[in-house]
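Here is how the chains run, residue by residue.
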Amino acid sequence: MSAGRPPLVPRGRVEDLDTLRGVGAVIIVWTHIRHDEVFWSWMLMEMFFVMSAALLTTVIWGRLGSLAGVLGFYRRRAERIWPPYFLALAGIVVLSLLLSRIGLWSTDHLALLWRYLSFSQYSELMFTDQPAYPYWYFAVHLWSLAVEEQFYLLLPAGLIVVSRLSPRQRLLFGLALLLLATLLRNRGTDYYALTAHLDAFVYGVAIAVALATLPGLQRDRLRQIAAWAMRLGGVLVAVYIGGGYLEYLQGADPFVYRPWAGSGAALFWAGAVAWLTLHAGDPSLFWLRSRLTGYLGRISYSLYLTHYPLIAVLPRLADWAERRWSLAPIPVPLVYAVAVLLSLVSAHLLYVLVDRRLQALGARRASPPALPSAAGGGG
């Protein structure tokens with residue numbers, strides 16, 4: 001890159017992506033209340049995976065030359081992700097024990113705790129159509145954290161290979177890997193398996209490598225590619241959503257995972273993340289810089305961890321309280337409103353007391369990343 005030319009990758013957080021994360025987190029929370037109305041929200045997970053892969057690749061790309069750099073990547077990943085995750089998991093364990101004392105839940109699922117502690121839940125679904133055990137209801141949303149951690153075990157080795165290739169070889173290798181990942185998703189892999197989202201991770205890695213290695217003069221070409229990715233992926237996404245709402249109007253449940261729609265969503269979000277990163281700071285995108293949605297984006301990892309157990313448990317507790325004390329029926333909207341409020345409060349506390357301090361610790365050890373962490377699924 002020539003001296004005096006602006007860097008291709010902007011430094012600091014990309015606020016526009018924080019807004020996307022915030023809006024995505026809110027929609028996912030709403031999904032767990034009324035999934036039939038936003039049945040397409042599962043496609044937002046591809047956005048989080050693309051962002052997460054782009055961020056982590058940006059962080060590690062310049063540190064591949066030494067074992068200490070690779071080990072430092074794993075250390076920072078553990079420091080950033082594990083404490084909030086294990087705190088949330090501990091809360092789910094306590095919740096399960098309390099519910100078992102009043103007869104609302106069985107402690108049998110605690111035998112699965114080691115799977116969640118090792119991020120190996122649902123990993124067998126890469127090889128079979130049926131899980132080897134019944135899922136832990138209050139912890140089912142943690143599948144995405146397992147998928148991310150499994151991918152990041154492989155990431156440094158893959159990037160070391162890529163860094164030793166010529167630009168042309170990188171392009172051919174990336175296209176071959178993307179084709180393989182797309183085929184793995186569309187061969188019928190279960191949604192909770194890593195292989196059902198590998199293409200989204202590959203897109204994220206490709207974005208970061210391209211932004212870090214291509215000359216600044218190729219900005220316009222990258223923008224064009226990103227715009228076409230959004231158009232092509234958007235067509236598949238629109239077909240899925242349009243067909244789903246037609247089914248919804250006919251009384252059917254449209255909440256069905258379609259691998260081809262997932263491929264379209266991964267392509268769309270890859271284009272959107274690349275395009276917004278290339279346009280970071282563009283004054284015309286001021287509407288993407290809301291203080292509220294930006295804050296929701298920053299706490300989205302904490303919100304993702306805390307919201308589902310509360311939304312799943314409070315309706316059960318309300319029913320139990322009505323029977324126990326012969327109460328009048330508690331309005332369902334009120335129950336969910338309390339669940340959302342408690343989710344936001346607990347997410348705020350987890351972010352302020354744990355997550356933000358971990359980010360500050362990481363910032364003191366390394367320069368700020370170019371992309372925001374992709375919460376909802378970690379990051």
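Calculation notes
- Residues numbered from 1 in each chain as written.
- Predicted model: local features only at pLDDT ≥ 70, side-chain atom pairs only at ≥ 80, totals over all residues.
- Heavy atoms only, no water.
- Helix = DSSP H or I, 4+ residues; strand = E, 2+ residues; numbered from the N terminus.
- Rg over C-alpha atoms; globule rule 2.2 N^0.38 Å.
- Buried < 20%, exposed > 50% of the residue type's maximum accessible area, 1.4 Å probe, protein only.
- Contact = heavy atoms within 4.5 Å.
- Core = buried A, V, L, I, M, F, W, Y, C linked by side-chain atoms within 4.5 Å.
- Expected span 1.5 Å × (residues − 1).
- Bend = angle between axes of the 7 residues up to and from the residue.
- Salt bridge = Lys/Arg side-chain N within 4 Å of Asp/Glu carboxyl O.
- Axes fitted to C-alpha atoms, helices over the stretch in contact; angles between N-to-C directions.
- Phe/Tyr/Trp six-rings, centres within 6.5 Å; stacked < 30°, edge-to-face > 60°.
- Lys NZ or Arg CZ within 6 Å of the ring centre and 35° of its normal.
- Arc of directions from axis to C-beta.
- Parallel < 35°, antiparallel > 145°, perpendicular 65-115°, else oblique.
- Nonpolar A, V, L, I, M, F, W, Y, C, P; charged D, E, K, R; others polar.

Draft legend 1. Main features of the overall build of the chain. Secondary structure assignment for the chain yields twelve helices and zero strands. Its helices and strands in sequence order give the chain the pattern α-α-α-α-α-α-α-α-α-α-α-α, from N to C terminus. Its C-alpha radius of gyration of 21 Å places the chain within 12% of the 21 Å reference for a compact globule of 379 residues. With respect to the principal axes defined by its C-alpha atoms, the chain has extents near 75 × 50 × 45 Å. Within the chain, buried positions represent 50% of all 379 residues.

Draft legend 2. Spatial organisation of the environment of leucine 89. By secondary structure assignment, the location of leucine 89 is in helix 3 (residues 67-101). Apart from residues no more than four positions distant in its own chain, leucine 89 is found in contact with Leu113, Tyr116, Leu117, Trp136 and Leu142.

Draft legend 3. Representation of the side chain of aspartate 355 in the model. Following the sequence through the fold, aspartate 355 ends up in helix 12 (residues 332-365). For aspartate 355, a relative accessible area of 0% corresponds to the buried category. Sequence-distant contacts of aspartate 355, that is, excluding residues within four places in its chain, are made with Arg80, Arg298, Tyr301, Ser302 and Leu350.

Draft legend 4. Structural detail: unusual backbone geometry. Non-glycine residue tyrosine 122 carries a positive phi angle of around 65°. Positionally, tyrosine 122 belongs in the loop between helix 4 (113-117) and helix 5 (143-163).

Draft legend 5. View of the environment of isoleucine 28. Summarising the element assignment, isoleucine 28 is placed in helix 1 (residues 15-31). With relative accessibility at 6%, the residue isoleucine 28 sits in the buried group.

Draft legend 6. Focus on the nonpolar core. One finds Tyr85 and Tyr116 to be the most contacted residues of the largest nonpolar core, which totals 97 residues. The greatest single-element share of this core, amounting to 13 residues, is contributed by helix 2 (residues 44-61). Discounting residues that sit within four places of it in the chain, tyrosine 116 has contacts with Tyr85, Leu89, Gln121, Tyr122, Trp136, Ala139 and Leu142. If you look at the next biggest cluster of nonpolar residues, it comprises 13 residues, including Ile299, Leu303, Ala318 and Ala347.

Draft legend 7. Fine view of helix 11 (residues 300-325). Over its 26 residues, helix 11 extends 37 Å from the first C-alpha to the last, a length consistent with the 38 Å expected when each residue adds 1.5 Å. Of all the bends in helix 11, the greatest reaches close to 30° and is centred on threonine 306; the proline proline 309 follows between one and four positions later.

Draft legend 8. The arrangement of the pattern of salt bridges in detail. The full count for this structure, using the stated rule, is eleven salt bridges. Ionic pairing is found between arginine 77 and glutamate 149, a salt bridge with its closest N-O pair at 2.9 Å. Highlighted residues: arginine 77 in helix 3 and glutamate 149 in helix 5, separated in sequence by 72 residues. Of the residues examined, arginine 77 reaches a relative accessible area of 5% and is grouped as buried. A network of salt bridges, in which partner residues are shared, links Arg34, Asp36 and Glu37.

Draft legend 9. Focus on the packing of helix 1 against helix 9 (residues 259-278). The N-to-C vectors of helix 1 and helix 9 enclose an angle of 145°; their axes lie 9 Å apart at closest approach. Facing Asp16, Leu17 and Leu20 of helix 1, the residues of helix 9 in contact are Trp269, Val273, Leu276 and Thr277.

Draft legend 10. Just the packing of aromatic side chains, in detail. For the structure on display, the rule yields 30 aromatic pairs. Both rings, one in tryptophan 105 and one in tyrosine 137, keep their centres 6.0 Å apart while their planes meet at 40°; by these two values the pair is tilted. Taken together, the residues tryptophan 105 in the loop between helix 3 and helix 4 and tyrosine 137 in the loop between helix 4 and helix 5 connect sequence positions 32 residues apart. Residue classification places tryptophan 105 among the buried residues on the basis of a relative accessible area of 17%. Judged by its relative accessible area of 23%, tyrosine 137 falls in the partly exposed class. Measuring from centroid to centroid gives 5.3 Å for phenylalanine 151 and tyrosine 152, while their planes differ by 75°, and the two rings are edge-to-face. Here the basic side chain of arginine 231 rests over the ring of tryptophan 228, its NZ or CZ set 4.8 Å away from the ring centre.

Draft legend 11. Summary view of helix 6 (residues 167-186). Between its first and last C-alpha, helix 6 extends 29 Å over 20 residues, near the 28 Å set by a 1.5 Å rise per residue. Within the sequence span of helix 6, burial applies to Leu178, Ala181 and Arg185. Down the axis, helix 6 shows its buried residues gathered within 65° of arc, on one side only. Seen from the buried face of helix 6, the exposed residues on the opposite side, beyond 90 degrees, are Arg168, Leu179 and Leu183. Contacts from the buried residues of helix 6 go to helix 2, helix 7 (198-213) and helix 9. After helix 6 finishes, the residue glycine 188 shows a positive phi value of roughly 100°.

Draft legend 12. Representation of the packing of helix 5 against helix 11 within the structure. Contact geometry of helix 5 with helix 11 gives a least axis separation of 10 Å together with a crossing angle of 130°. One way to sum up the angle between helix 5 and helix 11 is to call them oblique. For the pair helix 5 and helix 11, contact is made by Trp143, Ser144 and Leu145 and by Tyr301, Tyr304 and Leu305, respectively. Its residues assigned to classes, the contact of helix 5 with helix 11 shows five nonpolar, one polar and no charged.

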